[in-house]
Structure formats: structure tokens, C-alpha cells
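Now for the letters of each chain:
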Amino acid sequence: MIKIEKLFLKAGEFNLKNINLNIKNGEYCVILGPTGSGKTLLIECIAGLKKINSGKIFLNEIDASKLPPEERNIGYLPQDYALFPFLNVKENISVGLKLQKCRFEEINTRVADIAETLSINHLLNRDIKALSGGEKQRVALARALIVNPDILLLDEPYSAVDSSMRRRLWWQMKALHQKTQKTIIHITHDFQEAFALSECVHIIIDGKIEHSCRSKDIFKKTTNKKVAEFLGICNMASVKEYKIQDNKILIKCPSNVLHLPLNCNIRDGQTINFGILPDDIKIIFKNDSTDDENILKGKIISTIENGNSCELFVKIPDLDGICREGVIEIKAFPAQDEKKLFKEGNEIKVSLPPDKIHVFMENK
Amino acid sequence: MNKNKLFTAAVTSTLVCAALFAGILVFSVLNYINWNGFHSLLLSKEILFAIKLSFITATVASLLATAAAIPTAMTLSRMNFPGKNIIETLLDIPIIISPIAMGCILLIFFNNTMLGKFIEKNFITFTFEVSGIILAQFIIVFALAVRILKSTFDDIDERYEKVMRTLGANKIKTFFYCTIPMARHGIIAALILTWARAMGEFGATLTLAGASAMKTETLPLAIHLSLAKADVQQALTVVAALMVFTGSGLLLVRKAVKKII
């Protein structure tokens, strides 16, 4: 188990602030955050590669805050893998065992085992320069795993591979985790990756853990504006005038009343923010039933076709002054005959389903 | 001619001009030498002594300077501390000032200061001795080695060392198993350049060790002594020996290094 209590670290102008984390044994945990949010610094603190200013790090209930990296039994896979260029693949993988002064036969057996697990047997005598991105990733993973670490730290492990290879490697990693049951902390800025691989997600922004949840709840339980913005909930609005009634927030617009879910504690007079993902906005066609809520009329001002999907920018007069000059972004997956409706200048009707609207408090 | 070709021609012509100029200089020396007496002059006791002394002192000085420069450069590259800029500037002094001035500083240190006198009296005598040649060469080339190695260590991504630590290596093992192999090109470059520079060192050596024939007579000092007694043929023979000896030494090391790396 990994437990981090009130961790503070000052690194130049940047700070890690009051980090508290609990990660269970065998859990696959993702630390998700934008570039420069402090993800790498945090795992370097866990690995003992950065000295923390205050706080505690417990690894398997032992206070490891002051232990050097070589005594923490942690496997580390850095971004770009850092494979030693002066060693070939086999020598790279076996470095850790040589440092432990293992016998030659044992080194050979364990290298063969891990190479078999990660399907890299054919690469063992190759030079590092002759490997592809995906191969390098697996070799670096083998090097980290061969010393049988309690915890595996992965720093953006798929940033140097193309998207199709990345998806294949996701499933390989998932299978590897199921087989080894190692505790894994994986950092990334890609929430699809977080969603695909992890059981729990901690979102870090500006050196602070802003949100922790199970990965399946990543879009459901977001009650923080910074997190929402990071997750791509781009249709953000803020209002000061609203009414709370029957466990709902009511916002009066010129020709309608918007109904928002009351999913966080709101003090009277406090500004609230709300947002909705572009894919969660429903487009109402003529023949659709009219039991949808929060129906608004607007005009398409711009269209971006993107393969089988389409991004629409729609000016909604009712949202003028509430949401970015009343313009919202909608992601639609139109059928062939519906595409002609999505022309610039066309009138359109949309619904903002209340259960898809995220309400956030102002960040302090 | 398009702009790309023009650029390539301009860049290449600089190299051609530099090589031509160096070639002309070498040719002019070789052309001036009286080849009839060259062989006997080259194998004379004095010149053979100068070749042997230069080779030994330059090798010892460059090995010591590179060995000492590795931890110095590593500290400067990896650590930040107050006064770092001042220390770096102090270490650069032998590069900034002329070697003869550096020799003066060393002479004053050993003859006029308590510590210098104490070292000379109780440990080792440097002034007007072979050890003085090694010290003068060491001081001059150490700064050069620190510059080369600092930029080498600056270029090594610390992530390699971090990975080595997580694989179970302490700081000492990380240094020997990761940092040194990663820096091998820079270390070899430092050895080659410091050796070549030490072979040609004159000013500091002359001031600290003096120019005693058959005692502290390195190849550059042999040229100086030959010119002092107006023996131009002997001076040119030593110049040719210095060029051939240093040049072939560098060529051999470069070839050997290419095979090793």
C-alpha cells in the first residue's frame, strides 16, 4: 500500500502542495494532469529521486520518506524510457540483477522469463538504436520488472508510440497487471488512457490533487471547475442569479428556465459554474419526441467535419451573457441525410439533459 | 546555383581554406628543412630526450588532469550552490590568461608564499624540475578538461541516473555504471585534447621549470633553445618532430577510439 500524507515539495518556482494519496496493494492507479502539473515530480518523490520538503510517504506501511531510491524496491519507467545506449537489449534488462550480484545462470533464466512474458525474446541481442518505440517501451518495462519491484511507476509510458500501437500496448499492460498484480502508478495527460487502464484516477493540476475518483466516475463526479476544464468540458458557464427548488437549480433565461442538478453544497449568493461535454448535448430533430428538458434554440455559426463526427458551434441567444457570448460547442454523429441540416446559418434546436450537466463551485 | 548549393559551397570552402592554410604552413617548414642532416639531428641525444620527456610529461599531465576534472565537472554540472559562478571563473583563469602569466603565478606561489615553500621543502620540488613541467601542463590542461567534461555531463539526461538508482545502485555505483559510460565520448575527447595541448605547452613550463637542456627540455623548449642559439635547422627539425609525433599520436588515438566505441 502507498500512503502519502501532506506532502510538500518546492522545486524552483513550482510547488507540490499538500498531496494526500492512498493507493491499495495491487491497484492500477493513474495520476492524470496537464503538462507541467507536477505529475513527474510526484512520482519522483515516491521513487525517492526528489527530496520532499515535508510530509510522509509510506510504502507497505514503512515510512520511506527518507529512504534512498535503491532501498524502496520501486520499478521506474521514465518518459522516453532512458534505455542505456552503451548496452544492448539483454544487458539493459539485466542491469538490475547484475547490481544485485545475481549468478550468471539466474540472470539468464530471469531475462528469458521476462522476455517471454513481454514477447521480446527476438530482441535480446539487438542494439538499442535498432528498436521501434513500442519495442523500447517493452524493453524498459522488462528492465523495471526484472528486479521484482513492489511498485511500478510509469511516467507517460506511451508518449513516444503512435496511437494504434498505444492502444495495443494498453491491453498488454492491462494483461500484465492482471498477471503480476503489482501496484502500478501511471502518469499521463491522456484521460482516454486513464479510463482504459486504471481502477482509480487522481487528477493533479498546478501541483495539487484536485480530484480523486474511480476511473468509471471520471466524468460523473466532477465538481471542480479546473478539473472540468482539463477534462474538456468546454461549454462552461457561470451564473450569480439562480433559484434552488425541489433539489434543482433553476436559471431564468429570456425564453426558458434551465434546470440543473443540485450535486454540490451551494451557499446563498455564491456564483455557480456549470458545464456540459460537447458529446452530451442532444440535437432535436423535427420528428423527435418533446419530453426532453432544457430545450434551447440557436443558429449554427460554424461547422467542422471530422470523419464520421461533426463539431458544431451554435449561437444560443438564451445563453448570451452566461456562456462565452452564448456560443456552445456540440459534437454530433449525424446520419448521412442529417448532415445537410448542419450547415452554417441553419436554425437548430438542442437539449441540455440535466443529468449530463456538471455543476461546479468556484475554485479557491 | 540555388541558395542551398551556395550555402553548402560556402560552408565547405571554409574547411578547404583552413586545410589548405594548414597544409601550406606544414609544407613551408618541410621545404625549409635541410634533409641531408635531418636524420642525424632527429636521432641526436638532445632531441630524443625532448621527445621522450614531452611524451611522458604530457601523458601524465593529461591523465591526471582528466581524472581530476571528472568529479570537478560532475559537481559543477549537477549541483547548484552559492558562489558557483565565481568558482567556475577561478577555474577558467588558466584559459583566460596567457600560459606565461600562469607560470609566473606558480613561480611566485612556490617561491614567495608560506604554503608554496612548505610544499617544496617537505613534499616535492616543482621549480626548475621535471615535476614542474607536469604541474605547469596539468594546470593549463585541467581547465580545458573541466570545460569539455562539464558540457558532456550537462548533455547527459539525468533520467538515466535516476533509472539506475531505482534498479538498486547507490550513488557510487550509479557514477561508475551509468554516468562514466554515458560520458565516455567526452572523457576520451578530453584525454586527446589535453594530451595534445600538454605536448605543445611552452609558456608556463618555461617559467616554472626553466629551459635546462637535457633536464627540463620538452619539444617546445627544444625549439626555443635551438632558436636562442640561432640553430634554425635544429629548431625546424624539432618542429617537424613535434608535428609528426603529436599528429600521428592523435591520429592513432582517434582510430583506436573509433574501434572501441
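Here goes a summary of the coordinates provided. What you see is a predicted model; the values in this text were computed from it and never measured.

### Here's the deal with the interface of chain A and chain B
Here is step 1 of the chain: Taken together, the contacts link 23 residues of chain A with 17 residues of chain B.
Here is step 2 of the chain: For the pair chain A and chain B, the two sides together bury roughly 1,800 Å², of which 68% comes from carbon and sulfur.
Here is step 3 of the chain: For the chain A face of the interface with chain B, the top three residues by lost area are Glu70(A), Phe86(A) and Leu99(A), together amounting to 35%.
Here is step 4 of the chain: The interface formed by chain A and chain B holds three salt bridges in total.
Here is step 5 of the chain: Notably, a salt bridge pairs Glu44(A) with Lys162(B), separated by 2.9 Å at the nearest N-O pair.
Here is step 6 of the chain: Taken together, the connections running from chain A to chain B amount to three residue pairs in polar contact (both at pLDDT 80 or more).
Here is step 7 of the chain: Mapped onto the side of chain A that touches chain B, the elements with two or more residues apiece are helix 1 (39-47), strand 6 (74-77) and helix 2 (89-99) of chain A.

### A few points about the packing of aromatic side chains
A ring pair, where both rings are aromatic, is described by two values, the distance of the centres and the angle of the planes.
Here is step 1 of the chain: This structure, assessed with the given rule, holds 12 aromatic pairs over all chains.
Here is step 2 of the chain: For the pair Phe84(A) and Phe86(A), a centre-to-centre distance of 5.8 Å together with 35° between the ring planes defines the contact as tilted.
Here is step 3 of the chain: Owing to a relative accessible area of 0%, Phe84(A) belongs among the buried residues under this scheme.
Here is step 4 of the chain: Centroid distance Phe84(A) to Tyr160(B): 6.2 Å. Interplanar angle 40°. Geometry classified as tilted. Of the two residues, Phe84(A) is situated in the loop between strand 6 and helix 2 and Tyr160(B) in helix 8 (residues 158-166); the pairing between them involves two chains.
Here is step 5 of the chain: Exposure remark for Tyr160(B): the relative accessible area of 18% places this residue in the buried category.
Here is step 6 of the chain: By way of ring pairs, the aromatic residues Phe84(A), Phe86(A) and Tyr160(B) are connected into one cluster.
Here is step 7 of the chain: Sitting above the plane of the Phe84(A) ring, Arg143(A) keeps its charged end 4.9 Å from the centroid.

### Description of the sheet that holds strand 19 (residues 327-332) of chain A
Residues and elements named next belong to chain A.
Here is step 1 of the chain: A sheet is described by the order of its strands in space; here five strands give the open sequence 16-20-17-18-19, paired in antiparallel fashion. What marks the edges here is a single partner per strand, and that holds for strand 16 (282-284) and strand 19. Strand-to-strand twist of the sheet, defined as the mean angle between neighbouring strand axes without regard to direction, takes the value 45°.
Here is step 2 of the chain: Where strand 18 (residues 309-315) meets strand 19, six bridges bridge the pair, whose relative direction is antiparallel. In the strand pairing of strand 19, Cys 310 is matched with Ala 332.

### Side note on the nonpolar core
Here is step 1 of the chain: Counting residues in each nonpolar core, the largest one holds 125 residues, and the members touching the most others are Leu42(A) and Ile93(A).
Here is step 2 of the chain: It is helix 3 (residues 45-78) of chain B that provides the largest number of residues to this core, a total of 10 residues.
Here is step 3 of the chain: Non-local contacts of Leu42(A), meaning those with residues more than four positions away in its chain, are made with Ile4(A), Leu16(A), Ile19(A), Leu21(A), Ile31(A), Ile204(A) and Ile209(A).

Cut-offs and rules
Residues numbered from 1 in each chain as written. Chains lettered and ligands numbered in written order. Predicted model: local features only at pLDDT ≥ 70, side-chain atom pairs only at ≥ 80, totals over all residues. Heavy atoms only, no water. Contact = heavy atoms within 4.5 Å. Buried area = accessible area lost by both parts, 1.4 Å probe. Salt bridge = Lys/Arg side-chain N within 4 Å of Asp/Glu carboxyl O. Polar contact = N/O pair within 3.5 Å; in protein donor to acceptor, adjacent residues only side chain to side chain. Helix = DSSP H or I, 4+ residues; strand = E, 2+ residues; numbered from the N terminus. Phe/Tyr/Trp six-rings, centres within 6.5 Å; stacked < 30°, edge-to-face > 60°. Buried < 20%, exposed > 50% of the residue type's maximum accessible area, 1.4 Å probe, protein only. Lys NZ or Arg CZ within 6 Å of the ring centre and 35° of its normal. Pairing = 2+ DSSP bridges. Axes fitted to C-alpha atoms, helices over the stretch in contact; angles between N-to-C directions. Core = buried A, V, L, I, M, F, W, Y, C linked by side-chain atoms within 4.5 Å.

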